[in-house]
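Results of the structural survey
The residues making up each chain are set out below.
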Amino acid sequence: ELKVEQNPLFLSMQEGKNYTIYCNYSTTSDRLYWYRQDPGKSLESLFVLLSNGAVKQEGRLMASLDTKARLSTLHITAAVHDLSATYFCAVGYNTDKLIFGTGTRLQVFP
Amino acid sequence: EADIYQTPRYLVIGTGKKITLECSQTMGHDKMYWYQQDPGMELHLIHYSYGVNSTEKGDLSSESTVSRIRTEHFPLTLESARPSHTSQYLCASSESAAGELFFGEGSRLTVL
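Residues numbered from 1 in each chain as written. Chains lettered and ligands numbered in written order. Predicted model: local features only at pLDDT ≥ 70, side-chain atom pairs only at ≥ 80, totals over all residues. Heavy atoms only, no water.

Some points on the state of the cysteines
A covalent bond bridging the sulfur atoms of two cysteines is what the word disulfide describes. Under the defined criterion, the tally for this structure stands at two disulfides over all chains. Disulfide pairing is shown between Cys-23 of chain A and Cys-89 of chain A; the S-S distance is 2.0 Å. Taking the torsion about the S-S bond as the criterion, the Cys-23 of chain A to Cys-89 of chain A disulfide, at about 75 degrees, is right-handed. A residue pair is termed long-range when its members are at least 10 positions apart, and Cys-23 of chain A in strand β3 (residues 19–25) and Cys-89 of chain A in strand β9 (residues 85–93) qualify at 66 residues. Residues Cys-23 of chain A and Cys-89 of chain A agree in their burial class; the two are buried. In this model Cys-23 of chain B forms its disulfide with Cys-91 of chain B; the gap between the sulfur atoms is 1.9 Å. Judged by the sign of its S-S torsion, about -75 degrees, the cystine formed by Cys-23 of chain B and Cys-91 of chain B is left-handed. Pair noted here: Cys-23 of chain B is in strand β3 (residues 19–25) and Cys-91 of chain B is in strand β9 (residues 87–94), with a separation of 68 residues, a long-range link. Here Cys-23 of chain B and Cys-91 of chain B have matching classes, each one buried. (Disulfide = S-S within 2.5 Å. Helix = DSSP H or I, 4+ residues; strand = E, 2+ residues; numbered from the N terminus. Buried < 20%, exposed > 50% of the residue type's maximum accessible area, 1.4 Å probe, protein only.)

Considering the side chain of His-85 of chain B
All names here are of chain B. Relative to the elements of secondary structure, His-85 occurs in the loop between β8 (76–78) and β9. Side chain to side chain, His-85 and Glu-63 meet in a polar contact 2.7 Å long. If we ignore the near neighbours within four places in the chain, the residues touching His-85 are Glu-63, Leu-78, Ser-80, Leu-109 and Val-111. (Polar contact = N/O pair within 3.5 Å; in protein donor to acceptor, adjacent residues only side chain to side chain. Contact = heavy atoms within 4.5 Å.)

Brief notes about the side chain of Thr-20 of chain A
All names here are of chain A. Tracing the backbone through its elements, the reader meets Thr-20 in strand β3. Judged by relative accessible area, Thr-20 falls into the buried class, the value being 16%. Of note is the side chain of Thr-20, whose polar atom sits 2.7 Å from the side chain of His-75. Filtering out sequence-adjacent residues up to four positions away, Thr-20 remains in contact with Pro-8, Thr-73, Leu-74 and His-75.

Things to note about the packing of aromatic side chains
Inspection of the entire model under this criterion finds eight aromatic pairs over all chains. When the centroid spacing of 6.1 Å and the interplanar angle of 75 degrees are considered together, the rings of Phe-100 of chain A and Phe-103 of chain B count as edge-to-face. Note that Phe-100 of chain A is positioned in strand β10 (residues 97–100) and Phe-103 of chain B in strand β10 (residues 102–103), a pairing that runs across two chains. Among the residues examined, Phe-103 of chain B registers a relative accessible area of 9% and is labelled buried. (Phe/Tyr/Trp six-rings, centres within 6.5 Å; stacked < 30°, edge-to-face > 60°.)

Printed below as a string of structure tokens:
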């Protein structure tokens, strides 16, 4: 059974600081996705990682995938308040379904 | 980018009522999904469809049912709502097996 774990579950950080969110999964997969969810809103796709060693960057966020370690990271550089949200990783299985992680709730304060 | 719409956005109803949550997408995606999410928690797949007349149950058992008569439409129905059905229901679609999911705005259901 595929399990997806994120840590930390909750992250409070000061503006300007750097931090990394980790996503570990329990069985082989070559597809991993990162989503952002604002309170009361739906999910917005951030990154699609489809191969070992894939790295993608958008603004202050950078995501990477290590399929051998079954690990993805979402790195935040010089955080700003607008990044406050809940971040989910999701791992592909059975060719066309996703298992979502527990989510990491990020709060960025001045 | 997919355009996917859910109605109603918010629904408060009494126990025992029948409800249908609507989901429509305009991009011609074959694959569609329903996820259930409690506040602050992860998403759980409850139904999915590979195309017209194809529906399957997801990983989380649900008393709801779905239908897929048209490619663009994937409604979810609860015949007799109960307070335990209170949750947010998110509809999503995908254009390929390896593609990302595009989500609707969600339907937040409260059963009193």
